[in-house]
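The lines below spell out each chain.
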Number of protein chains: 2
Amino acid sequence: MADSAGALAPQWDNGSSGGSNRAADRAYRFIREGILASRWPPGAHLREQELAELTGVSRTPVREALRRLSADGLLQLVPNLGAKVNAWTIQDLDEIFGLRATLESQVAGLAASRAEPQHLAELGALCDAMEAVVGDGDAVDFSRITPLNDRFHGLLIDIAGDRRLGQMIRQVVEMPLVLRTFARYSRRDLARSMNHHREIVEALTARDGEWASSVMRAHVRAGRAVFTVPKTE
Amino acid sequence: MADSAGALAPQWDNGSSGGSNRAADRAYRFIREGILASRWPPGAHLREQELAELTGVSRTPVREALRRLSADGLLQLVPNLGAKVNAWTIQDLDEIFGLRATLESQVAGLAASRAEPQHLAELGALCDAMEAVVGDGDAVDFSRITPLNDRFHGLLIDIAGDRRLGQMIRQVVEMPLVLRTFARYSRRDLARSMNHHREIVEALTARDGEWASSVMRAHVRAGRAVFTVPKTE
DNA sequence: ACGGGTTGCGTTGTATACAATGACGCATTA
DNA sequence: TAATGCGTCATTGTATACAACGCAACCCGT
């Protein structure tokens, strides 16, 4: 299901993207965080100078950050006009979750033929941990589930061993829309999500790629359903 | 099968990428062209200053161009060290064509349910044109086939109407590796490729998404086969 | 002869200054 | 009053100058 961020922050720190201490990376993370937190709502107009002052750097690294964010699809650059935070339509929703379904099910299928015992063990442990959080208190603590869920999906990508596939999934999953999916889950949705996870692990154990792939596809599309009330998010 | 560039230059001119007359865009196209033409071989080290002089612009737009090319996967940036043109391994080959197979077959499936008569007519005309070129002289004129082939695959993306899917396919298809696939085709390979195209059109006419999707998957994987002799390209 | 430290050079990273472009408001005119 | 042309302003695009970093060669001490 539409988990929060399919990307694992720790592994995210490859050369190409945002981990280092360069000013450009700090600006990148700062602006990105702001957009994801709706500090700048969709449609907002971002001025380079202002961002530079807010981040405490010069315009040059801000420019680089904006270019990267544009490539990520978080905002749009219009020549001589500036950066505009992207808004999301129903079509975007369909496209994003359609891509996720295609790519992540592909990953699940690959992982089925490449998973080793230690991987299965860690996946199982993650399921345990997530179920513990869900069954814990009254209100579900999303801040504790989300990292576990990210790790689950990220581990699947690692097992599949397809770097490009993983990179594309991260591109898709790190959309504000997707990131907020998890928070919309009801207790029932969460329970189903956990079941999906378990079933995927089982399919991997059976080395049944078709099975794993199918469950993953359902898992993602179930997340799409949370947005059936449009809300123009 | 692995056609040359799946991207259609004309439609390429959306805001985000390379079409305008800005210095940064000129630098982008110049460097990109150089890499694709093997003017800078894989592993080559690119210096910003040198590129700036060659392009006739300053370092600032060159920097932007390098960042974009890095996002495209054509080169890799190492902090404080510079840009290095990417080399390709067998794993890259498998990943790239695997992604193409997944994404383009998805497009074909979508297109089957959305194609209109005028689309089918244009696809048919493109098949006619390509077959005319192939059956023409002694040696096949790739410079005439390639644009037609690009248009064929690009039109399928348009018909499918999924912008993100199209964007991702272009990302994958515009790798130097893929761009040179076509030139490796034997006359037999080309004939099979034309048959695939025809069959796809037929499947679209029958509104059979599964059929179209399957043929496209075969079409792409047949292109992968051309590289079975590694050659470390 | 070999190892460690140091210095010098080249390259990228960042900041600032200048030019060009598009948008907005105002005045002018029919 | 509405439409249009012009001027000003804000903002991005580009160029240049300076700082920081990494690498390599060299020198010196052992």
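Everything numeric in this text was worked out from a predicted model, so none of it was measured.

**A word on the overall build of chain A**
Of regular secondary structure, chain A possesses ten helices and three strands. Going through the 233 residues of chain A one by one, you find that 52% of them count as buried. Counted over contacts in chain A with a minimum sequence separation of 6, partners at least 24 positions apart contribute 75%. Element-wise, carbon and sulfur atoms account for 52% of the exposed surface of chain A, whose accessible area totals about 10,300 Å².

**Points about the protein's contact with DNA strand D**
Contacts to DNA strand D come from 19 residues, most closely from R47 and R59 of chain A together with A23, S58 and T60 of chain B. Sugar plus phosphate, as a fraction of atoms of DNA strand D within 4 Å of the protein: 68%. Within the side chain of R59 of chain A, a nitrogen or oxygen atom sits 3.0 Å from a base nitrogen of DNA strand D. If one sorts the elements of the surface near DNA strand D by residue count, helix α3 (residues 59-72) of chain A sits on top with three residues.

**Side note on the sheet that holds strand β2 (residues 75-78) of chain A**
Residues and elements named next belong to chain A. Spatially, β1-β3-β2 is the arrangement adopted by the three strands of the open sheet, whose pairing is antiparallel. The open sheet terminates on both sides in strands that have one partner only, identified here as β1 (45-46) and β2. Sheet topology places β1 next to strand β3 (residues 82-85); two bridges connect them, and they run antiparallel. Residue pairing across strands places H45 opposite K84, the latter belonging to β3.

**Focus: the protein's contact with DNA strand C**
Inspection of the region around DNA strand C gives 19 residues, with A23, S58 and T60 of chain A together with R47 and R63 of chain B positioned closest. A share of 67% is what sugar and phosphate atoms reach among the atoms of DNA strand C within 4 Å of the protein. With respect to DNA strand C, the backbone of E48 of chain B contributes an N or O atom lying 3.3 Å from a phosphate oxygen. Of all the elements in the fold, those that place two or more residues in the surface near DNA strand C are α1 (23-36) and α3 of chain A together with α3 (59-72) of chain B. It is α3 of chain B that provides the largest number of residues to the surface near DNA strand C, a total of three residues.

**Digging into the relation of the copies chain B and chain A**
For the pair chain B and chain A, the superposition axis carries a translation of 0.0 Å, the fit reaches an RMSD of 0.1 Å, and the rotation angle comes to 180°. Viewed as a symmetry operation, the transformation between the two copies matches a two-fold axis. Residue by residue, 100% of the interface of chain B is reproduced at the interface of chain A, so both copies engage with the same surface.

**Digging into the confidence of the model for chain A**
Should pLDDT be low for a region, the predicted coordinates there are not to be read in detail. All names here are of chain A. Summary statistics for chain A give a mean pLDDT of 89 and a share of 90% for residues scoring 70 or more. Model confidence for chain A, summarised as mean pLDDT per element, is weakest for helix α8 (residues 176-179) at 90 and strongest for helix α10 (residues 209-224) at 98. The low-confidence segment residues 4-16 (pLDDT under 50) makes 35 contacts with residues lying over four places distant or belonging to another chain.

**Here's the deal with the side chain of R32 of chain B**
All names here are of chain B. When you line up the elements, R32 lands in helix α1 (residues 23-36). Judged by its relative accessible area of 12%, R32 falls in the buried class. For R32, the residues in contact, after removing those within four places along its chain, are L69, L74 and E174.

**Section: the packing of helix α4 (residues 90-114) of chain B against helix α10 (residues 209-224) of chain B**
Residues and elements named next belong to chain B. Where α4 contacts α10, the axes come no closer than 7 Å and their chain directions differ by 155°. In terms of axis orientation, α4 runs roughly antiparallel to α10. Pair α4 / α10 crosses with right-handed handedness. Residues belonging to the contact of α4 with α10 are distributed by class as follows: nine nonpolar, seven polar and six charged.

**Section: the interface of chain B and chain A**
Contacts between the two partners involve 27 residues from chain B, matched on the other side by 27 residues from chain A. Summing both partners gives a buried area of about 2,400 Å² for chain B against chain A, and 49% of it is carried by carbon and sulfur. Between chain B and chain A we count twelve salt bridges in total. Residue R163 of chain B pairs with E95 of chain A through a salt bridge whose shortest N-O separation is 3.6 Å. The interface formed by chain B and chain A holds 14 residue pairs in polar contact (both at pLDDT 80 or more) in total. At the level of secondary structure, the elements contributing two or more residues to the side of chain B that touches chain A comprise α3, α4 and α7 (163-173) of chain B. Take the side of chain B that touches chain A: its biggest share by element is nine residues, from α4 of chain B. Of the residues that constitute the side of chain B that touches chain A, the class distribution is ten nonpolar, eight polar and nine charged.

**Here we look at the sheet that holds strand β1 (residues 45-46) of chain B**
Strand pairing in a sheet relies on backbone hydrogen bonds, with the paired strands running either antiparallel or parallel. All names here are of chain B. Judged by pairing direction, the sheet is antiparallel, and its three strands sit side by side in the order β1-β3-β2 without closing on themselves. In this open sheet, the two strands that pair with only one neighbour each are β1 and β2 (75-78). Contacting β1, β2 and β3 (82-85), α3 runs over the sheet at an angle of about 120° to β2.

**Looking at the pattern of salt bridges**
Residue and element names in this part refer to chain B. What the rule picks out here adds up to 39 salt bridges over all chains. Salt-bridge contacts for R68 lead to D25; the nearest nitrogen and oxygen are separated by 2.5 Å. Residue R68 is found in helix α3, and its partner D25 is found in helix α1; the two are separated by 43 residues along the sequence. Given the relative accessible area of 13%, R68 is considered buried. The closest approach of N and O atoms between R198 and D128, which form a salt bridge, is 2.5 Å. Linking R198 in helix α9 (residues 187-205) with D128 in helix α5 (residues 117-134), this pair joins segments that are 70 residues apart in sequence. With a relative accessible area of 44%, D128 lands in the partly exposed category.

Calculation rules
- Residues numbered from 1 in each chain as written.
- Chains lettered and ligands numbered in written order.
- Predicted model: local features only at pLDDT ≥ 70, side-chain atom pairs only at ≥ 80, totals over all residues.
- Heavy atoms only, no water.
- Helix = DSSP H or I, 4+ residues; strand = E, 2+ residues; numbered from the N terminus.
- Buried < 20%, exposed > 50% of the residue type's maximum accessible area, 1.4 Å probe, protein only.
- Contact = heavy atoms within 4.5 Å.
- Areas by Shrake-Rupley, 256 points an atom, 1.4 Å probe, with all protein chains shown as cover.
- Near = heavy atom within 4 Å.
- Polar contact = N/O pair within 3.5 Å; in protein donor to acceptor, adjacent residues only side chain to side chain.
- Pairing = 2+ DSSP bridges.
- Least-squares fit on C-alpha atoms with pLDDT ≥ 70 in both.
- pLDDT = per-residue confidence, 0-100.
- Axes fitted to C-alpha atoms, helices over the stretch in contact; angles between N-to-C directions.
- Parallel < 35°, antiparallel > 145°, perpendicular 65-115°, else oblique.
- Left-handed = near helix turned anticlockwise from the far one by under 90°.
- Nonpolar A, V, L, I, M, F, W, Y, C, P; charged D, E, K, R; others polar.
- Buried area = accessible area lost by both parts, 1.4 Å probe.
- Salt bridge = Lys/Arg side-chain N within 4 Å of Asp/Glu carboxyl O.

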